[in-house]
Amino acid sequence: MECFTDEEFQSRITIKRLGEYVGKSVILMGWIHRKRLHGQVIFLDLRDESGFMQLVIPKTLEIAKMAETLKEEFVLFVKGEVAQRSAENINPKVALGNLEVFVSEIRVINKSEPLPFAVNLYEGNLDENLRMRYRYLDLRRDVMRQNIVMRHKIIKFIRDYMDNYDFVEVETPMLTKGTPEGSREYVVPSRISKGQFYVLPQSPQQFKQLLMVGGLGRYFQIARCFRDEDLRADRQPEFTQLDIEMSYICQEQLLQFIESFMISLFQKFNPEKNFKFMPFKRISYYEAMTKYGSDKPDLRFDMPIMDATDVFQDTTFQVFINILKEKGNIKGIKVENKSFTVKETKELTQIAIDQGGTKGMFAINFLENSIKSSLASHLKPEEIEKIKAIFDAKPGDTVLLIADIARVVHKTLGILRLEVARRLGIMEKVKNDLAFLWVIDFPLLDWSEEENKYVTTHHPFTSPKDEDIPALFSGDPLKILTKAYDIVLNGSEMGGGSIRIHNQDLQHKIFEMLSLKEEDIQARFGHILRAFQYGAPPHGGIAFGIDRLVTVLQNGSSIRDVIAFPKNNSARDLLMEAPSPIHEDQLKELGIQIEKPKTE
């Protein structure tokens, strides 16, 4: 194994600085990204943590013979002179494409076995599990390196922005007790207190509220959070969250502050994109669900849900008669200037059934003086005219109708709205639009048929709207609205928060409405109720998923591509092979026995 002197390491220059050394001798160290033999010259593309540089080795040099034996991903020590490329050889597509290094000395620092996949391809579908098993190799790919570097820059921007507005970054505990935030928690057994357990935090929710009680005023944290839940492309069992909390603030102040922050962030990292709504659009939860079929609607395009239920009050079509008897709805969306083929209609119907949970879909294509539809024989002329008026349908337009209970109708039309937009290329046309909006006025409670009790739509620390507080004591709890808000971008929830409860009696009442017994309230939340006895200020906050935020800013599709060491869809770490069994001695020390599954 060849050794290198301290002086050689200290003299090393990173590739991105080579513009300062034209005409000078430099020492470089890095990987062979690509090797090319071109007549009497060997070209090596050297890669280090800062970029790429073309190395030139004429075959007339003694080192050429050794250079011919080098393979991709060998780690090299290189000495040579930085030179300007000739005009015809400049590569404008890459950084420093106007430079090259003429090599005078080359040594191998370390060899590499053949890789399980190529890291020098700019495109190509690589097996994701293979990438995660060899994540240290995947991180050598330029797209991954850019993602990780950009993540760092985004987080630095956030820290600088918050510091500029007098926020204090505080680290809250990772070992804590359970919180009712809707997901399963990761449990950590205590060796010292056998039979007792910590949990890993789903969020720093209660701690940040306690910091407000403690008088901190403005807090933020780049927080690690944990949720033991089923995974999707935008979910991980451990994730990073931007957590923000402020005292003496109303909802309007908080929304305006976050808008300014998000505008600054996206103008910095996505300057080529356009804000569709300035200021950000605001719609109620009810409007989002009934008009767009989603609590996180994509408003880069319109295509709203329209209500045609009243049109069919005297219908003779048995399917609609049955729906109306069950107090159902008949609603639809208009697709402009599009006539769907039989095949397309069948595909959309199947999507409505499989993803929306409805029983079918009806398409009405408007022609000059007639319609084309499976409903044609069931519709009266006046019904056709009313549908035409409600949807403002022109010849060439198609209306897609769903008839079902309201929840299914809205969900299904929300799914169809996005599917149609994808199929018609609308998404591609609006890809550079940023349709930020606030969804507000969420209901405080929902009724869980499964649990036979009220559950919160956000979390139990969310403040009801002032005018709805009396309904907590007399009235319909399901009609109570909250000071909760979600910020949505192009159909993705970017963050969510609320003005919090800061009154002990009101907080206790919410716990009671969730069917918690007094002993459970005190055991689980006694600390925060006690804190509210000592002059808790009004406060509120919001949290953003950093992983999702970086993914959007990088125009990515999966948060796994912006996390250095993610888990796969089974919540497994394929690199470290975790989770894994632990030794019997450790289990004994923790007072834990593993119950093996019974075999039939």
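Residues numbered from 1 in each chain as written. Predicted model: local features only at pLDDT ≥ 70, side-chain atom pairs only at ≥ 80, totals over all residues. Heavy atoms only, no water.

(A) Quick look at the overall build of the protein. Along the backbone of the protein there are 17 helices and 24 strands. Each principal axis of the C-alpha distribution contributes one length, and for the protein these read about 95 × 75 × 60 Å. Looking at the 600 residues of the protein, the share that counts as buried comes to 48%. Partitioning the intrachain contacts of the protein with sequence separation of at least 6 by distance along the chain shows that 68% fall at a separation of at least 24. Summed over all atoms, the accessible surface of the protein reaches about 31500 Å², with 50% contributed by carbon and sulfur. (Helix = DSSP H or I, 4+ residues; strand = E, 2+ residues; numbered from the N terminus. Buried < 20%, exposed > 50% of the residue type's maximum accessible area, 1.4 Å probe, protein only. Contact = heavy atoms within 4.5 Å. Areas by Shrake-Rupley, 256 points an atom, 1.4 Å probe, with all protein chains shown as cover.)

(B) Here's a closer look at the pattern of salt bridges. Scanning the model with the defined rule gives 40 salt bridges in all. Residue arginine 47 pairs with glutamate 73 through a salt bridge whose shortest N-O separation is 2.8 Å. Here glutamate 73 lies in the loop between helix H2 (63–68) and strand S4 (75–84) and arginine 47 lies in strand S2 (residues 41–48), a separation of 26 residues in the sequence. For the pair arginine 47 and glutamate 73, one class covers both residues: buried. With a closest N to O distance of 2.7 Å, lysine 343 and glutamate 347 form a salt bridge. Taken together, the residues lysine 343 and glutamate 347, both in helix H10 (residues 342–356) and 4 residues apart, mark about one turn of the helix. A network of salt bridges, in which partner residues are shared, links Arg131, Arg135, Asp138, Arg141 and Asp561. (Salt bridge = Lys/Arg side-chain N within 4 Å of Asp/Glu carboxyl O.)

(C) Summary view of the sheet that holds strand S10 (residues 238–247). If you trace the 8 strands from one edge of the open sheet to the other, you get S6-S9-S10-S24-S23-S22-S19-S12, paired in mixed fashion. A single partner strand is all that each edge strand has here, and the edge strands are strand S6 (168–169) and strand S12 (281–284). (Pairing = 2+ DSSP bridges.)

(D) Geometry of helix H16 (residues 546–553). Most of H16 is tucked away, with 7 of its 8 residues classed as buried. All of the buried residues along H16 are Ile546, Asp547, Arg548, Leu549, Val550, Thr551 and Leu553. Immediately beyond the C-terminal end of H16, within one or two residues, lies asparagine 555, with a positive phi of roughly 60 degrees.

(E) Quick peek at the packing of helix H6 (residues 205–213) against helix H15 (residues 518–531). Where H6 contacts H15, the two axes come as close as 10 Å, and the packing angle between them is 20 degrees. The angle between H6 and H15 places the two elements in the roughly parallel class. Regarding H6 and H15, the two cross each other, and that crossing is left-handed. Taking contact as the criterion, the partners of Gln206, Gln209, Leu210 and Val213 in H6 are, on H15, Phe525, His527, Ile528 and Ala531. (Axes fitted to C-alpha atoms, helices over the stretch in contact; angles between N-to-C directions. Parallel < 35°, antiparallel > 145°, perpendicular 65-115°, else oblique. Left-handed = near helix turned anticlockwise from the far one by under 90°.)

(F) Representation of the packing of helix H7 (residues 251–269) against H16 in the model. At their nearest, the axes of H7 and H16 sit 10 Å apart, and the two run at 45 degrees to each other. By the angle between their directions, the pair H7 and H16 is classed as oblique. Side by side, H7 and H16 meet where Met262, Leu265, Phe266 and Phe269 of the first sit next to Leu549, Val552 and Leu553 of the second. Tallied by class, the residues present in the contact of H7 with H16 amount to 7 nonpolar, no polar and no charged. (Nonpolar A, V, L, I, M, F, W, Y, C, P; charged D, E, K, R; others polar.)

(G) Examining the side chain of arginine 47 more closely. Classification of arginine 47 by relative accessible area gives buried; the value is 3%. Ignoring anything within four residues of it in the chain, the contact list for arginine 47 reads Ile15, Gly30, Trp31, His33, Phe52, Glu73, Val119 and Arg140.

(H) Structural context of unusual backbone geometry. Of the consecutive residues methionine 278 and proline 279, the connecting peptide bond is found in the cis state with omega at 0 degrees. One non-glycine residue, tyrosine 248, lies in the positive phi region at around 55 degrees. Mapped onto the elements, tyrosine 248 comes out in the loop between S10 and H7. At asparagine 555, a position not held by glycine, the phi torsion is positive, near 60 degrees. Along the polypeptide, asparagine 555 turns up in the loop between H16 and helix H17 (584–590).

(I) Quick peek at the pairing of strand S14 (residues 329–335). Along S14, 7 of the 7 residues are buried, which leaves the element largely enclosed by surrounding structure. Alternating positions in S14 separate into two faces, Asn329, Lys331, Ile333 and Val335 on one and Ile330, Gly332 and Lys334 on the other, with burial throughout. Of the pairings in the sheet, the one linking strand S13 (residues 305–307) to S14 comprises 3 bridges and is antiparallel in character. Directly across from methionine 306, in S14, lies its bridge partner glycine 332. Sheet topology note: the S14/strand S17 (residues 398–404) ladder contains 7 bridges and is antiparallel. Within S17, the position partnered with valine 335 by the bridge is threonine 398.

(J) How the structure looks around the packing of aromatic side chains. By the definition in use, this model includes 25 aromatic pairs. Ring geometry for phenylalanine 266 against phenylalanine 436: centres 5.2 Å apart, planes inclined by 85 degrees, an arrangement best described as edge-to-face. Of the two residues, phenylalanine 266 is situated in helix H7 and phenylalanine 436 in strand S19 (residues 436–440); the sequence distance between them amounts to 170 residues. On the basis of relative accessibility, which here comes to 0%, the residue phenylalanine 436 falls in the buried class. Taken together, a centroid distance of 6.0 Å and an interplanar angle of 75 degrees make the contact between phenylalanine 461 and phenylalanine 525 edge-to-face. Of this pair, phenylalanine 461 sits in the loop between strand S21 (453–456) and strand S22 (484–489) while phenylalanine 525 sits in helix H15; the two residues are 64 residues apart in sequence, bridging distant segments of the chain. Note on phenylalanine 461: relative accessible area 0%, which makes it buried. Accessibility expressed as a relative area gives 0% for phenylalanine 525, which makes it buried. (Phe/Tyr/Trp six-rings, centres within 6.5 Å; stacked < 30°, edge-to-face > 60°.)

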